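Fold and contact review
Given next are the chains, with one letter for each unit.
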Amino acid sequence: MAAMAAIVAGLCLGHPSRAQDLKLYAFSSGALTLGKGALVNNAPMEPAIQVPVGFYLIRHPKGNVLFDTGNNDRIITDPGYWGAAFTAMKPVNTPDVAIDAQLKKIGLTPDDIAYVVPSHLHLDHGGNVGKFPKSTIVVQKTEIQNAFWPEPGTGGPYMIGDVMPLRSANTDNPNAVKMIQLDGDLDLFGDGTLIVKRWVAHTPGSQMMTVRLKNTGLTILTGDNVYFRENVEKNVPPSISLAYSPTGFFTAFEWIRMMMATQNANFFTAHDPDAFKAMKKAPEFYD
């Protein structure tokens, strides 16, 4: 019953959107090397595979929106910033994967981003969240809380240095930057084209985002609520070690399949090597 309620709620993506000239760009923050079993339940750990670290930008007439921020650029010059995680995951850390270099492909800088929407604040998704002082950060309140003071067993993938730039110390206002702390969904521009959807699964404050494109149609950006397309298409569970709410993953899969069946939707993940390889990369775009 709970799963069905989630699906029904998901069908209500806001009022019908007006035709907009949106463009959706895919970028790379490099890659990680790990066993597939680290992400997918019962998958092999050997041989290790290289998975992308993707993030997305949407050009909207009212402002540019960034979904996820990739690995912190600091590891390009200071691999020790990640500590043991750098050795364990062997991230690509060449200068070309820096977020400034990636955004430059479409003529943008961090100062040109109106909203930054991190799917969650783990080191490979919220790594550069502090590089956007002129943007509004849109995050679930439970996620920002867990990044600073994680629930037992959930703290490992957060880098406190990534999120510290968001905190204004010793002031009445704790935010150093503009921030919308959510406890639910948000129609970002009020036109139904970009909807942030709270979906607790991978972390206490996981969120996805729907992008309604004129020609491509409804596209769902999943963050780590979906690692591989097979998770959704074959209902393959994630690694339980990375599942804050295992049932949240399955309701997300179910909802995405419903969107595919009823609205001809598609979904983009951050870490599926085959899917990301086949995707258009900036400066190419989806519209």
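1. A short note on the overall build of the protein chain
The number of helices and strands found in the protein chain is nine helices and eleven strands. Since a compact globule built from 287 residues should have a radius of gyration of about 19 Å, the 18 Å found for the protein chain is in line with a globular shape. Along the longest, intermediate and shortest principal axes, the C-alpha atoms of the protein chain span 45 × 45 × 40 Å. Put simply, of all contacts in the protein chain between residues at least 6 apart along the chain, 67% involve residues at least 24 apart.

2. Observations concerning the sheet that holds strand β10 (residues 217-221)
Pairing in this open sheet of five strands is mixed, and the strands run β7-β8-β9-β10-β11 from one edge to the other. Pairing within the sheet leaves two strands with one partner each, and these edge strands are β7 (186-187) and β11 (266-268).

3. Overview of the environment of Gln140
Tracing the chain through its elements places Gln140 in strand β5 (residues 136-140). Residue Gln140 is classed as buried on the basis of its relative accessible area, which comes to 0%. Expressed as a C-alpha distance, the spacing of Gln140 and Ser28, which sit 112 residues apart in the sequence, is 24 Å. Once residues within four sequence positions are removed from consideration, Gln140 is found in contact with Leu182, Asp183, Gly184, Arg198, Gly205, Ser206 and Gln207. Within the structure, the side chain of Gln140 is placed 2.9 Å from the backbone oxygen of Gly184, a separation counted as a polar contact. Among the polar contacts made by the side chain of Gln140, one reaches the side chain of Arg198 at a distance of 3.3 Å.

4. Description of the packing of aromatic side chains
Evaluation of the coordinates by the stated rule reveals ten aromatic pairs. Plain terms: the ring middles of Tyr56 and Phe268 are 5.9 Å apart, the flat faces sit at 25° to each other, and that makes the pair stacked. Of this pair, Tyr56 sits in strand β2 (residues 49-60) while Phe268 sits in strand β11, placing them 212 residues apart in sequence. With respect to class, Tyr56 is no different from Phe268; both count as buried. By the ring-pair criterion, three or more aromatic residues cluster together here, those being Tyr25, Phe27, Phe55 and Phe285. Here Lys36 stacks its cationic end above the ring of Phe228, 4.9 Å away from the centre of that ring. The lysine or arginine in question, Lys280, covers the ring of Tyr286, its NZ or CZ lying 5.0 Å from the ring centre.

5. Side note on the nonpolar core
Among the nonpolar cores identified, the biggest contains 24 residues, and Phe27, Leu57, Leu66, Leu103, Ile113, Leu121 and Leu166 are the most heavily contacted of them. For this core, the secondary-structure elements that each account for two or more residues are β1 (23-34), β2, α4 (99-103), β4 (113-117), β5 and α5 (141-148). Formed by 23 residues, the second largest nonpolar core is a distinct cluster that contains Tyr56, Val117, Val138 and Leu221.

6. Concerning helix α8 (residues 246-263)
For α8, built from 18 residues, the straight-helix expectation of 26 Å at 1.5 Å per residue is met to within 8% by its first-to-last C-alpha distance of 26 Å. Downstream of α8 by one or two residues, Asn264 has phi in the positive range, about 55°.

7. Thoughts on the pairing of strand β9 (residues 207-213)
Consecutive residues of a regular strand have side chains that alternate between opposite faces of the sheet. Burial analysis of β9 places six of its seven residues in the buried class, which makes it a mostly covered element. Note: strand β8 (residues 194-198) against β9, five bridges, orientation antiparallel. Looking across to β9, one finds that Leu194 is bridged to Val211. Strand direction decides the pairing type here: β9 and β10, joined by five bridges, are antiparallel.

8. Remarks on the pattern of salt bridges
Counted according to the given criterion, the structure contains eight salt bridges. When the shortest N-O distance is used, the salt bridge between Asp100 and Lys131 registers 2.6 Å. Of this pair, Asp100 sits in helix α4 while Lys131 is found in the loop between β4 and β5, placing the two residues 31 residues apart along the sequence. Here Arg229 and Glu233 are joined by a salt bridge, their closest N and O atoms 3.1 Å apart. Here Arg229 and its partner Glu233 are both found in helix α7 (residues 229-233), four residues apart, which amounts to about one turn of the helix. If you follow the salt bridges from partner to partner, you end up with Asp73, Asp100 and Lys131 in one network.

9. As for the pairing of β5
The element β5 is extensively covered by neighbouring structure, given that five of its five residues are classed as buried. Side-chain alternation along β5 places Thr136, Val138 and Gln140 on one buried face and Ile137 and Val139 on a second face that is also buried. Sheet analysis places β4 next to β5, joined by two bridges and oriented parallel. Residue pairing across strands places Tyr115 opposite Thr136, the latter belonging to β5. Note: β5 against strand β6 (residues 178-182), five bridges, orientation parallel. Bridging across to β6, Val139 finds its partner in Gln181.

Analysis parameters
- Residues numbered from 1 in each chain as written.
- Predicted model: local features only at pLDDT ≥ 70, side-chain atom pairs only at ≥ 80, totals over all residues.
- Heavy atoms only, no water.
- Helix = DSSP H or I, 4+ residues; strand = E, 2+ residues; numbered from the N terminus.
- Rg over C-alpha atoms; globule rule 2.2 N^0.38 Å.
- Contact = heavy atoms within 4.5 Å.
- Pairing = 2+ DSSP bridges.
- Buried < 20%, exposed > 50% of the residue type's maximum accessible area, 1.4 Å probe, protein only.
- Polar contact = N/O pair within 3.5 Å; in protein donor to acceptor, adjacent residues only side chain to side chain.
- Phe/Tyr/Trp six-rings, centres within 6.5 Å; stacked < 30°, edge-to-face > 60°.
- Lys NZ or Arg CZ within 6 Å of the ring centre and 35° of its normal.
- Core = buried A, V, L, I, M, F, W, Y, C linked by side-chain atoms within 4.5 Å.
- Expected span 1.5 Å × (residues − 1).
- Salt bridge = Lys/Arg side-chain N within 4 Å of Asp/Glu carboxyl O.

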